[in-house]
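Read off the chains here:
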Amino acid sequence: MKPFLKNFFKFFFIIIFAIALLLSGYFLNKFDLDKWRPAKLVEQIPFEEVIEVTGYEDAEFYDSKNEFIGAEMIIRVEFESKIEPVAKLPAEYRQGIRKAYSEIDIYVKDIPDKEALEKMKQGLDESKYLKLIETEGIDAEYVETKIDGKKVKSLAKIFVRPEHYYFVKF
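Residues numbered from 1 in each chain as written. Predicted model: local features only at pLDDT ≥ 70, side-chain atom pairs only at ≥ 80, totals over all residues. Heavy atoms only, no water.

Participant: How do you make sense of the packing of aromatic side chains when you look at a structure like this?
Facilitator: For any two aromatic rings, the description comes down to two numbers: the centre-to-centre distance and the angle of the planes. Using the criterion set out here, one finds four aromatic pairs in the structure. Look at Tyr62 and Phe68: their rings are 5.8 Å apart centre to centre, the planes differ by 80°, and that puts the pair in the edge-to-face class. One aromatic cluster in this structure is built from Phe8, Phe9 and Phe12. (Phe/Tyr/Trp six-rings, centres within 6.5 Å; stacked < 30°, edge-to-face > 60°.)

This is the structure:
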């Protein structure tokens, strides 16, 4: 009789625990209680914002016959970080007293010919600002950093094609 009661109470406890989990899940969804869950802070890609260019490097690729087959360019930029959701940021950043800045590399890949590379170099020499065009061809790489003890997914690199940005002159 004793093992039967022991097994019965184990089974009863498991059933009660499962019902409690189901009810808590139901109420979390119904009353939107998951808003208290810590939100992930993520830095946004600065589309259509003026970005300051601080430097650039280029690499040209040739085949075994010494014919040009492509190029890539790394553009070092600096801009004021926009981090979402703003409501979860520390108060000084939310009110604009302190600002976070990012220094990242924009990798321009698949430059088709030497003329396009020369035009890009000329544009970078003449203008120290550029804007990114919002398209689906832009990829970003993130790293985890901290702002006043809060974890933030910050931009590390942005990968674009030559047609996804343009230079701005002031």
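Participant: Would you explain the nonpolar core in this entry?
Facilitator: Most often, soluble globular proteins have nonpolar side chains that are buried together. Within the largest apolar cluster, 22 residues are counted, with the highest numbers of intra-cluster contacts made by Ile75, Ile106, Val108, Leu132 and Ile158. Where this core is concerned, the elements lending two or more residues are β2 (51–62), β3 (68–80), β5 (101–111), α3 (114–126), β6 (129–132) and β8 (150–160). With five residues, the single largest contributor to this core is β3. Look past the residues within four positions of Ile158 in its chain and what remains in contact with it is Ile45, Pro46, Ile104, Asp105, Ile106, Tyr107, Leu132, Ile138, Asp139 and Ala140. Residues Leu89, Tyr93, Ala100 and Ile147 belong to the second largest nonpolar core, which totals seven residues. (Core = buried A, V, L, I, M, F, W, Y, C linked by side-chain atoms within 4.5 Å. Buried < 20%, exposed > 50% of the residue type's maximum accessible area, 1.4 Å probe, protein only. Helix = DSSP H or I, 4+ residues; strand = E, 2+ residues; numbered from the N terminus. Contact = heavy atoms within 4.5 Å.)

Participant: Please clarify how the side chain of Ser127 should be interpreted in this entry.
Facilitator: Inspection of the secondary structure puts Ser127 in the loop between α3 and β6. On the basis of relative accessible area, Ser127 is assigned to the buried category, the value being 3%. Separated by 3.1 Å, the side chain of Ser127 and the backbone oxygen of Tyr129 make a polar contact. (Polar contact = N/O pair within 3.5 Å; in protein donor to acceptor, adjacent residues only side chain to side chain.)

Participant: Quick question: what am I supposed to make of unusual backbone geometry here?
Facilitator: Glycine aside, the phi torsion of most residues is negative, and most peptide linkages are trans. The omega angle of the peptide bond from Glu84 to Pro85 is -10°, so this bond is cis rather than trans. As for its placement among the helices and strands, Pro85 is situated in the loop between β4 (83–84) and α2 (91–94). Despite not being glycine, Glu48 shows a phi value in the positive range, around 55°. Inspection of the secondary structure puts Glu48 in the loop between β1 (41–43) and β2. Judged by relative accessible area, Glu48 falls into the partly exposed class, the value being 41%.

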